[in-house]
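Coordinate inspection notes
The residues making up each chain are set out below.
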Amino acid sequence: MSEPIEEFFERLTRGGPDRLRRADGSLRIDLSSGTTTERWFITMHGGDVSVSHRNAKADAVIKTSRDLFEGMVTGRVNAMAGALRGVVSLEGDPTLLVLFQRVLPGPPAPANRGSTAKGRRS
């Protein structure tokens, strides 16, 4: 199991984003790696968010590779761009899918590449 993925789901249950706390429904994330599938089941109800590994019917489902999802939870991969490229499959309630996409981190800040005078290019 990937550490960034575990940390992401742990943050969701520890007072995660308000956006998910306002949602009501369930989301299953199926992460493939070779011949195995790792499942994460998120339930949002009445302001509570819980995460488990249940394999149950959900209001919305996201399917992708474990490596790509790790990129999504670290901000290196945009979930919607992945869906448009066909490497992320989205099914079910579009409201839940959009809310979940909004809790994913944005791209990492660029590293400072040396010092140049403000407003001048080197």
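Starting from 1, residues in each chain are numbered consecutively following that chain's sequence as written. Restriction of local features to residues with pLDDT of at least 70 applies here, the model being predicted, together with a cutoff of 80 or more for giving and counting side-chain atom pairs; totals for whole chains, interfaces and linings are based on all residues. Note that the side-chain values use all heavy atoms of the structure and ignore hydrogens as well as water.

1. Side note on the side chain of Glu-38
Secondary structure counts use DSSP, requiring at least four H or I residues in a row for a helix and at least two E residues in a row for a strand, with both numbered from the N terminus. Assignment of secondary structure puts Glu-38 in strand S2 (residues 36-45). Throughout, exposure labels follow a simple rule: accessible area from a 1.4 Å probe, protein chains only, divided by the maximum for the residue type, with under 20% read as buried, over 50% as exposed, and the rest as partly exposed. Among the residues examined, Glu-38 registers a relative accessible area of 12% and is labelled buried. Nitrogen and oxygen atoms within 3.5 Å of one another constitute a polar contact, given that in protein one can donate a hydrogen and the other can accept it, and given that sequence-neighbouring residues count only through two side-chain atoms. Looking at Glu-38, its side chain comes within polar contact range of the side chain of Trp-40, at 2.8 Å. Within the local environment of Glu-38, its side chain forms a polar contact with the side chain of Arg-66, the two groups lying 3.1 Å apart.

2. A word on the sheet that holds S2
With respect to topology, five strands assemble into an open sheet ordered S3-S2-S1-S4-S5, the strand pairing being mixed. Every interior strand has two partners, whereas the edge strands, strand S3 (48-52) and strand S5 (89-92), have only one. Direction aside, the axes of adjacent strands within the sheet are offset by 15 degrees on average. Should DSSP find at least two bridges between two strands, the strands are taken to pair. Bridging between strand S1 (residues 25-33) and strand S4 (residues 60-65) involves six bridges; their strand directions are parallel. Looking at S4, one finds that Leu-27 is bridged to Ala-60. Throughout, an axis means a line fitted to C-alpha atoms (over the contacting stretch in the case of helices), and angles, computed between N-to-C directions, take values from 0 to 180 degrees.

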